[in-house]
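# Inside the fold
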Amino acid sequence: MKKDIDFSPVTGVKLAIAKEETASGTEWAVYIINLNLIELKNVMITSKGYGEINGEVKKTSTLRHMLEELGEQSVAKVEPIDPAVFVLNNEFWVSYYIMDQIFDKKFIFTSGSFDPGFIKMIPEIGLEGVLHA
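Definitions and cut-offs
Residues numbered from 1 in each chain as written. Predicted model: local features only at pLDDT ≥ 70, side-chain atom pairs only at ≥ 80, totals over all residues. Heavy atoms only, no water. Helix = DSSP H or I, 4+ residues; strand = E, 2+ residues; numbered from the N terminus. Buried < 20%, exposed > 50% of the residue type's maximum accessible area, 1.4 Å probe, protein only. Contact = heavy atoms within 4.5 Å. Areas by Shrake-Rupley, 256 points an atom, 1.4 Å probe, with all protein chains shown as cover. Pairing = 2+ DSSP bridges.

What the protein chain contains, in helices and strands, is zero helices and 10 strands. Moving toward the C terminus, one meets the helices and strands of the protein chain in the order β-β-β-β-β-β-β-β-β-β. Principal-axis analysis of the C-alpha atoms places the extent of the protein chain at approximately 45 × 35 × 25 Å. Residues counted as buried form 37% of the 133 residues belonging to the protein chain. By sequence separation, contacts in the protein chain at least 24 residues apart represent 60% of the contacts at least 6 residues apart. Carbon and sulfur atoms make up 53% of the accessible area of the protein chain, which totals about 7,900 Å².

So this is what it looks like as structure tokens:
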């Protein structure tokens, strides 16, 4: 049962939503950053958006991604993201193993997270965006 599982606190893992200038224009994507000195195994990331737009309740599809491993002190692009969903709360649930221990954390980028004042350079990926620790 879930109550019998020891979920240790997540440290050294961050999520970022960052923009990259390409030949076709500005593209936004979600990145997972592992700052730990050990690799992460079986990284499962689910994402969804929810909230209100003009008084109407909106929800996006739930997306699921699996990374068999994420090396120590490394970064992986998880998914592209459309800036149209920035007016919603964007939730990312991250679960992974280090050795035989499971770790689990929810990251929520709220609807105001992408105001221009919050967009900064993210040194770990060398792009501008919003970092969530």
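Here strand 3 (residues 40-53) runs beside strand 4 (residues 56-59); their pairing, made up of four bridges, is antiparallel. Looking across to strand 4, one finds that I53 is bridged to E56. With antiparallel pairing between neighbouring strands as the criterion, strand 3 and strand 4 make up a hairpin whose turn holds two residues, including N54 at a positive phi of roughly 50°.

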